[in-house]
Amino acid sequence: MEYPKYADLTSKQLTYIKGWMTTFEKELYANTALDKDAAWRNMIDMDSFVDYFILTELTKNIDGYRLSTYFYKDKDSKDARLKMGPAWDYNLAYGNADYYEGYKTTGWQYQINTLASSNGDIYLSPFWWSKLVQDEDFRTKASNRWSELRKS
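Here's a quick rundown of the structure. Bear in mind that the values here come from a model prediction, so they are computed numbers and not experimental data.

1. Observations regarding the overall build of the chain
- Along its length, the chain carries five helices and two strands.
- Moving toward the C terminus, one meets the helices and strands of the chain in the order α-α-β-β-α-α-α.
- The globule rule puts the C-alpha radius of gyration for 152 residues at 15 Å, and the 16 Å found for the chain is close to it.
- On the principal axes, the C-alpha backbone points of the chain span a range of 45 × 35 × 35 Å.
- A buried classification covers 36% of the 152 residues belonging to the chain.
- Of the roughly 9700 Å² of accessible surface on the chain, a fraction of 52% belongs to carbon and sulfur atoms.
- The centroid of the 20 positive side-chain charges in the chain is displaced by 2 Å from the centroid of its 22 negative side-chain charges.

As structure tokens, then:
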């Protein structure tokens, strides 16, 4: 918890945040998560997730999903969706890591849990990314966004 600081949260705020995140994760983890009307789809700003995914994969940032990750949610009255970003901490990106295959120019970074868990690393990325790449809408949006960005 970065802002507000954990110590500054009221019990009502903490209960809301925990409940909201639990609901989101349950919906994304559910067997029905890939259905077109799955509830999690209305809970995230898909475009911000797509941009974050592309940036993390392009830079091969080994900490991009697991340690150096920010996401936020505004008040429901402003925008009730979870957003990824801002992106930060690229000292172990662009081939600057000599572990978890960060030095390779091939492979998918979202699959880092396979490497990390085999080494006993407790800092794994959330299952969100493995689930999202299975989703047809996410893949289509990511492909279209990649094509858009490659135009210039």
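From this point, the discussion proceeds with the structure in view.
2. Some remarks on the pattern of salt bridges
- Inspection of every chain in the model, using the stated rule, returns 15 salt bridges.
- The residue Lys141 makes a salt bridge to Asp47 at a minimum N-O spacing of 3.9 Å. On the criterion of sequence distance, the pair formed by Lys141 in helix α5 (residues 136-150) and Asp47 in helix α2 (residues 46-59) is long-range, its members being 94 residues apart.
- Residue Lys141 is classed as partly exposed on the basis of its relative accessible area, which comes to 38%.
- A salt bridge links Asp63 to Arg66; the shortest N-O distance between them is 3.4 Å.

3. Here's the deal with the nonpolar core
- Counting 25 residues, the largest nonpolar core has Phe24, Trp40, Phe49, Trp128, Trp129 and Phe138 as its most contacted members.
- Elements with a minimum of two residues in this core: α1 (11-29), α2, β2 (82-84), α4 (128-132) and α5.
- If you tally residues by element for this core, the top one is α2, at six residues.
- Leaving out residues up to four positions away in the same chain, Trp128 has contacts with Met21, Phe24, Glu25, Leu28, Phe49, Phe71, Leu82 and Met84.
- Counting residues in hydrophobic clusters, the runner-up holds six residues, among them Leu92, Ala97, Tyr100 and Ile112.

4. Considerations on the packing of α2 against α5
- The N-to-C vectors of α2 and α5 enclose an angle of 65°; their axes lie 10 Å apart at closest approach. Along this stretch, α2 crosses α5, giving a crossing that reads as right-handed. The residues of α5 that touch α2, namely those facing Met46, Asp47, Phe49, Val50, Asp51, Phe53, Ile54 and Leu58, are Phe138, Lys141, Ala142, Arg145, Trp146 and Leu149.
- Here the residues of the contact of α2 with α5 sort into 10 nonpolar, no polar and four charged.

5. As for a nonpolar patch on the surface
- A surface patch of nonpolar side chains, about 340 Å² in accessible area, is lined by Leu67, Ile122 and Tyr123.
- Residue class for Leu67 comes out partly exposed when judged on its relative accessible area of 41%.

6. Focus on the packing of aromatic side chains
- Per the counting criterion, the structure on display carries 17 aromatic pairs.
- An angle of 65° between the planes, with centres 5.3 Å apart, marks the rings of Phe71 and Trp128 as edge-to-face. A residue pair is termed long-range when its members are at least 10 positions apart, and Phe71 in strand β1 (residues 71-73) and Trp128 in helix α4 qualify at 57 residues.
- Judged by its relative accessible area of 36%, Phe71 is partly exposed.
- The lysine or arginine in question, Lys131, covers the ring of Tyr29, its NZ or CZ lying 5.9 Å from the ring centre.

Analysis parameters
- Residues numbered from 1 in each chain as written.
- Predicted model: local features only at pLDDT ≥ 70, side-chain atom pairs only at ≥ 80, totals over all residues.
- Heavy atoms only, no water.
- Helix = DSSP H or I, 4+ residues; strand = E, 2+ residues; numbered from the N terminus.
- Rg over C-alpha atoms; globule rule 2.2 N^0.38 Å.
- Buried < 20%, exposed > 50% of the residue type's maximum accessible area, 1.4 Å probe, protein only.
- Areas by Shrake-Rupley, 256 points an atom, 1.4 Å probe, with all protein chains shown as cover.
- Lys, Arg positive; Asp, Glu negative; His and termini not counted.
- Charge placed at Lys NZ, Arg CZ, Asp CG, Glu CD.
- Salt bridge = Lys/Arg side-chain N within 4 Å of Asp/Glu carboxyl O.
- Core = buried A, V, L, I, M, F, W, Y, C linked by side-chain atoms within 4.5 Å.
- Contact = heavy atoms within 4.5 Å.
- Axes fitted to C-alpha atoms, helices over the stretch in contact; angles between N-to-C directions.
- Left-handed = near helix turned anticlockwise from the far one by under 90°.
- Nonpolar A, V, L, I, M, F, W, Y, C, P; charged D, E, K, R; others polar.
- Patch = residues over 30% accessible without salt bridge, like charges linked within 9 Å, V, L, I, M, F, W, Y side chains within 5 Å.
- Phe/Tyr/Trp six-rings, centres within 6.5 Å; stacked < 30°, edge-to-face > 60°.
- Lys NZ or Arg CZ within 6 Å of the ring centre and 35° of its normal.

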